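Single-letter residue listing:
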Amino acid sequence: MHIVVCIKQVPDSAQIRVHPVTNTIMRQGVPTIINPYDLFALEEALQVRNRYGGEVTVLTMGPPMAEQALRKALTHGADRAVLLTDRHFAGSDTLATSYALSQAVAKIGESYGAPDIVFTGKQTIDGDTAQVGPGIAKRLNLQQLTYVTKIVSIDPTSREIMVERHAESGTQMLKSTLPCLITVLDGVNAIRRGSLDDAFRAARSPVLKWGAADASIGELTKCGLRGSPTVVKRVFAPGPRAEKAIQMEINDKTLAEVAAETVAAIFARQPFLERKLTSHGNR
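Report follows, based on the coordinates. (Residues numbered from 1 in each chain as written. Predicted model: local features only at pLDDT ≥ 70, side-chain atom pairs only at ≥ 80, totals over all residues. Heavy atoms only, no water.)

A few words on helix H3 (residues 94–112). For H3, which comprises 19 residues, the first-to-last C-alpha distance of 26 Å matches the rise-based estimate of 27 Å (1.5 Å per residue) to within 8%. Those residues of H3 that are buried are in contact with strand S1 (2–6), strand S6 (55–61), strand S7 (80–84), strand S8 (117–121), helix H4 (132–140) and strand S13 (208–210). A side-chain oxygen of the first residue of H3 lies 3.1 Å from the backbone nitrogen of Leu95; this N-cap is Asp93. Of the residues flanking the end of H3, it is Gly113, one or two places downstream, whose phi is positive at about 105°. (Helix = DSSP H or I, 4+ residues; strand = E, 2+ residues; numbered from the N terminus. Expected span 1.5 Å × (residues − 1). Contact = heavy atoms within 4.5 Å. Polar contact = N/O pair within 3.5 Å; in protein donor to acceptor, adjacent residues only side chain to side chain.)

Have a look at this one:
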């Protein structure tokens, strides 16, 4: 099987600061990491490869420094790494990003064999849109299985896959055909540390660097700022709330008394909520 994993290098959200005057994210001095959701996707891809055989190709789009994330993925056990980097991609939103990545996935298929599965994380921690994975699937006409928590089985002969996915109403079991694109939730597996041999191999392995021409991206108007209808007007940190929390004295009160006083206090501050709940109960 040939598996492609799309990852992204993102700022470490635990160390991001917002400028107090400009209200923009201060990226200087902030370390970068592989998007955590993508690590779970990579691990799932490696487990599928180990179970059924094949190769795992890792793909990312970003500046030259994103090569660090790809080498990290190689240390985890990926077989091949491709960096899609070009000035034409600067400022891409999710629409432009999914276009460029879909073209790169197609080019990878031409060069190394059509992918049976494309893995992505559920979303990225810097954008939180969860749009790029489905966007790639749509552009490549792939079956898409989102919010997957477990790959139950894969039948390479019949080209069928069965997965569990998280839904609002519970867990769904889905059967689909290959090729497909899977977005993976966090915590679905235990991410491996990578062996010493993989670390040496990652240091020696070349990272393929593709520009727009190398990836056969012909419509450059769909890339970068020109292909991005989304505009971020402002980034800001929410200020502290002026209203302070209320502390309730519990003392020797029973749980029922504490619950009743808590509900009464909530309704006193939010009378519309009491009216809404009462109206709902009457219906």
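Back to the text.
So, about the packing of aromatic side chains. Note on aromatic pairs: each is described by the distance of the centres and the angle between the planes. Counted under the stated rule, the structure contains 0 aromatic pairs. The ring of Tyr112 has Arg80 lying over it, and the distance from NZ or CZ to the ring centre is 3.9 Å. (Phe/Tyr/Trp six-rings, centres within 6.5 Å; stacked < 30°, edge-to-face > 60°. Lys NZ or Arg CZ within 6 Å of the ring centre and 35° of its normal.)

The subject of this paragraph is the sheet that holds S1. With mixed pairing, 9 strands are arranged side by side in an open sheet as S11-S10-S9-S12-S8-S1-S6-S7-S13. In this open sheet, the two edge strands, each paired with only one partner strand, are strand S11 (170–177) and S13. Across the sheet, the axes of successive neighbouring strands diverge by a mean angle of 30°, strand direction being ignored. As defined by bridge partners, S1 adjoins S8 across 4 bridges and the pair is classed as parallel. In the sheet register, Cys6 faces S8, and the bridge partner there is Thr120. Along the sheet, H3 contacts S1, S6, S7, S8 and S13; its crossing angle with S6, the most-contacted strand, is approximately 150°. Set on the sheet, H4 makes contact with S1, S8, strand S9 (143–155) and strand S12 (180–184); between it and S12 the angle comes to about 175°. (Pairing = 2+ DSSP bridges. Axes fitted to C-alpha atoms, helices over the stretch in contact; angles between N-to-C directions.)

Bringing the side chain of Thr146 into the picture now. With respect to the helices and strands, the residue Thr146 is situated in strand S9. Setting aside anything within four residues of it in sequence, one finds Thr146 in contact with Pro134, Arg165 and Thr183.

Pairs of packed helices are described in terms of their axes, by the angle between the two and the distance that separates them. The interhelical angle for the contact between H3 and H4, taken along N-to-C directions, is 55°, at an axis separation of 8 Å. With respect to their mutual orientation, H3 and H4 come out oblique. Once H3 is placed against H4, the crossing between them reads as right-handed. When H3 is examined against H4, the residues Thr94, Leu95, Thr97, Ser98, Tyr99, Leu101, Ser102, Val105 and Ala106 are found in contact with a partner set consisting of Val132, Gly135, Ile136, Arg139 and Leu140. Tallied by class, the residues present in the contact of H3 with H4 amount to 8 nonpolar, 5 polar and 1 charged. (Parallel < 35°, antiparallel > 145°, perpendicular 65-115°, else oblique. Left-handed = near helix turned anticlockwise from the far one by under 90°. Nonpolar A, V, L, I, M, F, W, Y, C, P; charged D, E, K, R; others polar.)

Here we take up the nonpolar core. Of all hydrophobic cores here, the largest spans 35 residues; its most connected members are Val5, Val56, Ile117, Phe119, Ile161 and Ile182. Ignoring anything within four residues of it in the chain, the contact list for Val56 reads Ile3, Val5, Leu42, Ala45, Leu46, Arg49, Ala78, Asp79 and Arg80. Listed in part, the 23 residues of the second largest apolar core include Cys6, Leu84, Ile108 and Ile217. (Core = buried A, V, L, I, M, F, W, Y, C linked by side-chain atoms within 4.5 Å. Buried < 20%, exposed > 50% of the residue type's maximum accessible area, 1.4 Å probe, protein only.)

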